[in-house]
Amino acid sequence: PEYNHAGLQRGDHGVTGFTGFHNQRMITERFIPAGGEIFVDYGEPWFETRGEDMATVPFTANFNLVDEFLVKFRNLSLKYQTSNNPDFTKDLWSIVEAEARVIPTRTGGALPLSFEDMQTAQAVGAAESRLPYSMRPIEWLNDNGRCMDNIRPGNSTIRDAGRGAFASRFIPKGGLVAPGPVLHIPNKTAMNMYKPNPLTGERDTTKESGKQLILNYCFGHRKSTLLLCPYTSPSAYINHSRKPNARIVWADEQTPNHNSDWLDNDVEFLKQQGAIGLSLNFVATRDIQPGEEVFIDYGREWEKAWKKYVKEWKPPVDSDDFVPAATMQKATLQQDDLLIPLRTIYEQESEPYPQNLVFYCHTETFVTSADSMSEGLFLWGEGTWEYEWGERNDWGVWEFDWGNAGRWSPKFPCKIIHRSEETIFDDYGNNFGHSYSAVLLTEDEVPEDMWAEIIIPQNEKHVIYEIPRVAISVRDKMYSKNEFLDGSFRHAMMIPDDIFPKAWINL
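Because the structure is predicted, anything quoted here is derived from the model rather than measured.

Within strand β12 (residues 278–284), 7 of the 7 residues are buried, which leaves the element mostly enclosed by the surrounding structure. Here strand β5 (residues 176–185) runs beside β12; their pairing, made up of 6 bridges, is antiparallel. By the bridge assignment for β12, P179 is matched with N281. Across 5 bridges, the pairing between strand β11 (residues 246–250) and β12 is antiparallel. By the bridge assignment for β12, V249 is matched with N281.

Printed below as a string of structure tokens:
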């Protein structure tokens, strides 16, 4: 994703009300035919931690085992099926299916779903044989689907609102602007944040420090503890106006994952529902032209809270000096970031960086003490350790894919002590910027507001030479971004009274 606040600066009152992260993109790994469902890899732990409902979802290794089994199955069927026994293969497959149902497993879940699928899987693989089941006919989508691209994000016409949603095509009155399936949160106090107890470090629930930013993207009601948080990205950009051109309504009864009977049950009932089951629609209240910004009415309570916030807003003392790390290095490192020279600690004496910026050096290390892992310290031993970065890191891996290399490589808080005069070029002529020498910060040097994945003990000193620019990250100190400012605006959008179920009123 990218990080900026749509032209707003730290001193602008609107800067605290929305996230600076945006433009997260997903790139296809393979051809997706029209009507094909889109999937991403959640990772196996996501399924392993979700109980019996996900216990038979197959992993890659399970599909591989089935492919190996299908080779043996085919050899067996070729050996024993004859003209006198023409149904041998079908009968044998029926036995396989029956045995797989006795004790459900992930590998059993990877088996082809029919005899015909088994024949297909022998040619294309077990996983690939499932592809037809992830397809929907275009006619079905036309009748049942809800369009996701009627709106697109852009900088709002209301400056302090940040980003907004704009019609990507003509939307007639009563037409769908965007779908809004929601996550229901039974108690809005779940959004509260608390100050830590100075003695125990645990949160002190008697001292509220603020509310989560996601509250600004949720719907609530003054007479209920319930929050409804849409999780489709287009609708999150729709801003407030007292003269809106759209409104929210409940989705139709036939909408997938919308249980209209939940509207008649109370909040206690919703607490017991462990899955999503409600959905809103954003619909046009008049014709909306292509390129026109879309607005809904957030409600009088929201507007009152916003006006109070604007009146009381005081720019932070570092407004003029604050420079987000994203201006020096994007959230995902880009080629042009490499060409910006980083200043050494000696150069910073006369030209310091803003106080919110910190530096991390990515490098592999090793442990010499069994106790060091439990203590969070990677002990090499007392004294000074000096080495070149390339002695402990594979430059080929970084050169090929520095994004993933930086994501998985250990990173240490560090200070830069030297910068090379010349920049580095790879074999293809790409400029990788200067190389650097740095000292890793020790446990007594790491400030409390600087996150540290691994801490160097106080009695050690690590000096690393020839560090490529791709192995240095520039980041903001913890909780220094605009979203974390004291007094940040936090308030849910209000669900109109005429569509709010009476059963949900509990205040």
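Here the narrative resumes.
In helix packing, the relevant descriptors are the interaxial angle and the interaxial distance, both defined with respect to the helix axes. Contact geometry for helix α2 (residues 60–80) and helix α5 (residues 115–124): axes closest at 10 Å, N-to-C directions at 110°. With respect to α5, the element α2 is oriented roughly perpendicular. Only M118, A121 and Q122 of α5 make contact with α2, whose side of the interface consists of L70, F73 and R74.

Take the pattern of salt bridges next. What the rule picks out here adds up to 20 salt bridges. Here E268 makes a salt bridge to K271, at a shortest N to O gap of 3.1 Å. With E268 and K271 both in helix α7 (residues 267–271), this residue pair falls 3 residues apart, about one helical turn. Residue K271 is classed as partly exposed on the basis of its relative accessible area of 43%. When salt bridges with common partners are traced through the structure, they connect R242, D297, E303 and K307 into a single cluster.

Considering all chains together, one arrives at 1 cavity of 30 Å³ or more under this definition. By volume, the largest cavity amounts to about 70 Å³. Along the walls of the largest cavity sit Y217, F219, P230, S235, A236, I238, F282, I296 and M493, which together make up its complete lining. Classifying every residue of the lining of the largest cavity by side-chain character gives 8 nonpolar, 1 polar and no charged.

This brings us to the nonpolar core. Counting 38 residues, the largest nonpolar core has V177, F219, L228 and W504 as the members making the most contacts within it. Listing elements by their share of this core, those giving two or more residues are β4 (163–167), β5, β11, α7, β12 and α8 (300–312). Per-element tally for this core: the top contributor is β12, with 4 residues. Apart from residues lying up to four places away in sequence, L228 is in contact with V182, L183, H184, C218, F219, W250, L278, I495 and W504.

A word on the sheet that holds strand β18 (residues 460–468). The sheet built from 6 strands is open, its strands ordered β15-β18-β17-β16-β14-β19 with mixed pairing. The two strands at the open ends of the sheet, each matched to only one other strand, are β15 (383–388) and β19 (472–476). Going from strand to strand, the sheet's axes swing by 30° on average, the running direction of each strand aside. Pairing between strand β16 (residues 411–425) and strand β17 (residues 431–440): 7 bridges, direction antiparallel. Its bridge partner lying in β17, R419 is registered against Y436.

Here the second largest pocket is characterised by a volume of approximately 640 Å³. Forming the boundary of the second largest pocket are 20 residues, of which M193, S209, K211, Y479 and F484 lie nearest the centre. Contributing elements (two or more residues each) for the lining of the second largest pocket: β6 (192–196) and β7 (203–211). With 4 residues, β6 is the largest single contributor of residues to the lining of the second largest pocket. Its residues assigned to classes, the lining of the second largest pocket comprises 8 nonpolar, 6 polar and 6 charged.

Quick look at the packing of aromatic side chains now. In this structure the tally under the stated criterion is 23 aromatic pairs. A ring pair is formed by F500 and W504, whose centres lie 5.7 Å apart and whose planes are at 80°; its orientation type is edge-to-face. Assigned by exposure class, F500 and W504 land together as buried. Three or more aromatic residues link up through ring pairs in this structure, and these residues are Y298, W302, W306, Y309, W313 and F489. A cation over a ring is seen here: R10 above F322, with NZ or CZ 3.8 Å from the ring centre. Above the plane of the ring of Y353 lies R343, whose end atom (NZ or CZ) is 3.9 Å from the centre.

Rules of the game
Residues numbered from 1 in each chain as written. Predicted model: local features only at pLDDT ≥ 70, side-chain atom pairs only at ≥ 80, totals over all residues. Heavy atoms only, no water. Buried < 20%, exposed > 50% of the residue type's maximum accessible area, 1.4 Å probe, protein only. Helix = DSSP H or I, 4+ residues; strand = E, 2+ residues; numbered from the N terminus. Pairing = 2+ DSSP bridges. Axes fitted to C-alpha atoms, helices over the stretch in contact; angles between N-to-C directions. Parallel < 35°, antiparallel > 145°, perpendicular 65-115°, else oblique. Contact = heavy atoms within 4.5 Å. Salt bridge = Lys/Arg side-chain N within 4 Å of Asp/Glu carboxyl O. 1 Å grid on protein atoms, 1.4 Å probe; cavity = no way out; pocket = protein on both sides within 12 Å on 5 of 7 lines; lining within 4 Å. Points joined across faces, edges and corners; volume = space filled by probe spheres on them. Nonpolar A, V, L, I, M, F, W, Y, C, P; charged D, E, K, R; others polar. Core = buried A, V, L, I, M, F, W, Y, C linked by side-chain atoms within 4.5 Å. Phe/Tyr/Trp six-rings, centres within 6.5 Å; stacked < 30°, edge-to-face > 60°. Lys NZ or Arg CZ within 6 Å of the ring centre and 35° of its normal.

Remember, this is a structural readout, not a statement about activity or role.
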